[in-house]
Amino acid sequence: MTDLLRLDHLSAGYGEAVVLHEVSLTLQAGQTLALLGRNGTGKTTLINTLVGATRQHGGRIELDGQALDRLPSHQRAALGLGWVPQERNIFKSLSVHENLTAVARPGPWTPERAYQLFPRLAERRGNLGTQLSGGEQQMLAMARALVLNPRLLLLDEPLEGLAPIIVEELLRAIRRLTREEGLSAILVEQHPQAILAIADTAVVLDQGRVVHSERADTLRARPERLEQLLGVARR
Ligand SMILES: Nc1ncnc2c1ncn2[C@@H]1O[C@H](COP(=O)(O)OP(=O)(O)OP(=O)(O)O)[C@@H](O)[C@H]1O
């Protein structure tokens, strides 16, 4: 299998402050990576660095062999990074449908196909972003990333703060995307068990460094090790 994403000794942060230190990892096409770690360890900073929203201090980012390091965010998106930020960033003054058509690009994921994945959004297609619940906003943020027809989906805490029934719905959708549709993804999550069940590999960050990487299923089968790695965050 080819490496879709390759990070080589990546260091990055905000201004002069370095948050990520020499992060190296690879993700193969069609695979899903769970990015875990306690609060403030740099998970969001890593996602933000991939999309070009931080200051890169060193190292290299390659998507399918192409260096992204010097490219602005919009070019990274055009090359296939589909970003769903923690804040969701949907257009609140546009309807659900307008949110999708405003960004859609040619490819298998059309707004109609996104509605099949999230039937709730189909029912709300005429509603404005302001009229959506938190869960519906998250679905719309994901649908919006999908209609860009990305090669790699970056989901930053997609389950954060949502009701259990919505979490189940989102997990089903993410599982379908990664397991059945074969989309590559990086999932940042505070619910490690749920996400490890979907992922192929797991990488744990601590203080901006990779401290552990393992197959997701083997790590999931060792809850005491997981607890040890993430202990502080889960207390
Ligand atoms: N815009 C910013 N400017 C300066 N420092 C920041 C900024 N955003 C985050 N940081 C710092 O970078 C470090 C890593 O934060 P980051 O949000 O990447 O962690 P995280 O692992 O995603 O945590 P969480 O699970 O709480 O979201 C923290 O020390 C944080 O204070």
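To be clear, the structure that these remarks concern was listed above.
Residues numbered from 1 in each chain as written. Predicted model: local features only at pLDDT ≥ 70, side-chain atom pairs only at ≥ 80, totals over all residues. Heavy atoms only, no water.

**Q** Just checking my understanding: could you explain the overall build of the chain for this structure?
**A** In terms of helices and strands, the chain carries 10 helices and 10 strands. Taking 235 residues into account, the globule formula puts the C-alpha radius of gyration at 18 Å, and the chain, at 17 Å, falls close to it. The dimensions of the chain, computed from C-alpha atoms along their principal axes, are 45 × 40 × 35 Å. When the 235 residues of the chain are sorted by exposure, 49% land in the buried category. A sequence separation of at least 24 residues applies to 68% of the contacts in the chain between residues at least 6 apart. Carbon and sulfur atoms provide 48% of the accessible area of the chain, an area that totals close to 10500 Å². (Helix = DSSP H or I, 4+ residues; strand = E, 2+ residues; numbered from the N terminus. Rg over C-alpha atoms; globule rule 2.2 N^0.38 Å. Buried < 20%, exposed > 50% of the residue type's maximum accessible area, 1.4 Å probe, protein only. Contact = heavy atoms within 4.5 Å. Areas by Shrake-Rupley, 256 points an atom, 1.4 Å probe, with all protein chains shown as cover.)

**Q** Explain the pattern of salt bridges here, please?
**A** Side chains bearing opposite charge may pair, as long as their charged atoms lie close to each other. Counted according to the given criterion, the structure contains 13 salt bridges. For D64, the salt bridge is made with R151, and the minimal N-O distance between the two is 2.3 Å. Of this pair, D64 sits in the loop between β4 (55-63) and β5 (66-67) while R151 is found in the loop between α6 (134-146) and β7 (152-156), placing the two residues 87 residues apart along the sequence. Here R215 makes a salt bridge to D217, at a shortest N to O gap of 2.6 Å. Connected through shared salt-bridge partners, R113, R176 and E181 make up one network. (Salt bridge = Lys/Arg side-chain N within 4 Å of Asp/Glu carboxyl O.)

**Q** What am I meant to see in the packing of aromatic side chains here?
**A** To describe a pair of aromatic rings, you give the distance between the ring centres and the angle between the ring planes. For the coordinates displayed, the defined rule picks out zero aromatic pairs. Over the ring of F91 we find R144, and its NZ or CZ is 4.6 Å from the ring centre. (Phe/Tyr/Trp six-rings, centres within 6.5 Å; stacked < 30°, edge-to-face > 60°. Lys NZ or Arg CZ within 6 Å of the ring centre and 35° of its normal.)

**Q** For this particular structure, what's the right way to read unusual backbone geometry?
**A** Keep in mind that most residues, glycine aside, have a negative phi and that most peptide bonds are trans. Even without glycine at this site, E22 takes up a positive phi of about 50 degrees. Within the chain, D64 stands out as a residue other than glycine whose phi angle is a positive 50 degrees.

**Q** I tried to follow the nonpolar core on my own but got confused; where do I start?
**A** The nonpolar side chains of a soluble globular protein tend to be buried with one another. Grouped together as the largest cluster of nonpolar side chains are 46 residues, with contacts concentrated most on L36, F118 and L153. Sequence-distant contacts of L153, that is, excluding residues within four places in its chain, are made with G82, V84, A145, L146, L177, L183, S184, A185 and I186. L5, L10, L20 and L35 belong to the second-largest nonpolar core, a separate cluster that totals 25 residues. (Core = buried A, V, L, I, M, F, W, Y, C linked by side-chain atoms within 4.5 Å.)

**Q** Is there a simple way to think about the packing of α6 against helix α7 (residues 164-180) in this case?
**A** Two measures define how a pair of helices packs: the angle their axes make with one another and the distance between the axes. It is at 10 Å that the axes of α6 and α7 come closest, and there the two elements cross at 15 degrees. With respect to α7, the axis of α6 lies roughly parallel. Judged by the twist between their axes, the crossing of α6 over α7 is left-handed. Taking contact as the criterion, the partners of G135, Q138, M139, M142 and L146 in α6 are, on α7, I166, E169, L170, I174 and L177. (Axes fitted to C-alpha atoms, helices over the stretch in contact; angles between N-to-C directions. Parallel < 35°, antiparallel > 145°, perpendicular 65-115°, else oblique. Left-handed = near helix turned anticlockwise from the far one by under 90°.)

**Q** Could you clarify how one ought to interpret the site of the ligand in this entry?
**A** The immediate surroundings of the ligand are formed by 13 residues, with G40, K43, T44, T45 and Q190 found nearest. Out of a free accessible area of 640 Å², the ligand has 57% covered by protein chains. Take the shell around the ligand: its biggest share by element is three residues, from helix α1 (residues 43-50). Split into classes, the residues belonging to the shell around the ligand amount to two nonpolar, eight polar and three charged. (Near = heavy atom within 4 Å. Nonpolar A, V, L, I, M, F, W, Y, C, P; charged D, E, K, R; others polar.)

**Q** Just to check I follow, could you spell out the sheet that holds β4 for this structure?
**A** Sheet strands pair via backbone hydrogen bonds, and the direction of the pair is either parallel or antiparallel. Judged by pairing direction, the sheet is antiparallel, and its four strands sit side by side in the order β2-β1-β4-β5 without closing on themselves. Strand pairing shows two members of the sheet lacking a second neighbour, β2 (17-28) and β5, which therefore form its edges. In this sheet, β2 lies alongside strand β1 (residues 3-14) in antiparallel orientation, the contact comprising eight bridges. Within β2, the residue paired with Y14 across the bridge is A17. Strands β1, β2 and β4 of the sheet are contacted by α1, whose axis makes an angle of about 115 degrees with β1. (Pairing = 2+ DSSP bridges.)

**Q** Sorry if this is basic, but what is going on with empty space enclosed by the protein here?
**A** By rolling a water-sized probe across the atoms, one finds the places where empty space is left. Applying the stated criterion across every chain, the model contains two cavities of 30 Å³ or more. Considered as a void within the structure, the second largest cavity measures approximately 30 Å³ in volume. As for the second largest cavity, its lining consists of L5, L7, L25, L33, L35, L46, L50 and I186. Considered class by class, the residues forming the lining of the second largest cavity number eight nonpolar, no polar and no charged. (1 Å grid on protein atoms, 1.4 Å probe; cavity = no way out; pocket = protein on both sides within 12 Å on 5 of 7 lines; lining within 4 Å. Points joined across faces, edges and corners; volume = space filled by probe spheres on them.)

**Q** For this particular structure, what's the right way to read α7?
**A** Two residues of an α-helix separated by three or four positions point the same way, owing to the 3.6 residues in each turn. In this model, α7 (17 residues) spans 23 Å end to end at C-alpha, consistent with the 24 Å of a helix rising 1.5 Å per residue. Within α7, the full set of buried residues consists of I166, V167, E169, L170, L171, A173, I174, L177 and T178. Backbone geometry just downstream of α7 places G182 in the positive-phi region, at approximately 70 degrees. (Expected span 1.5 Å × (residues − 1).)

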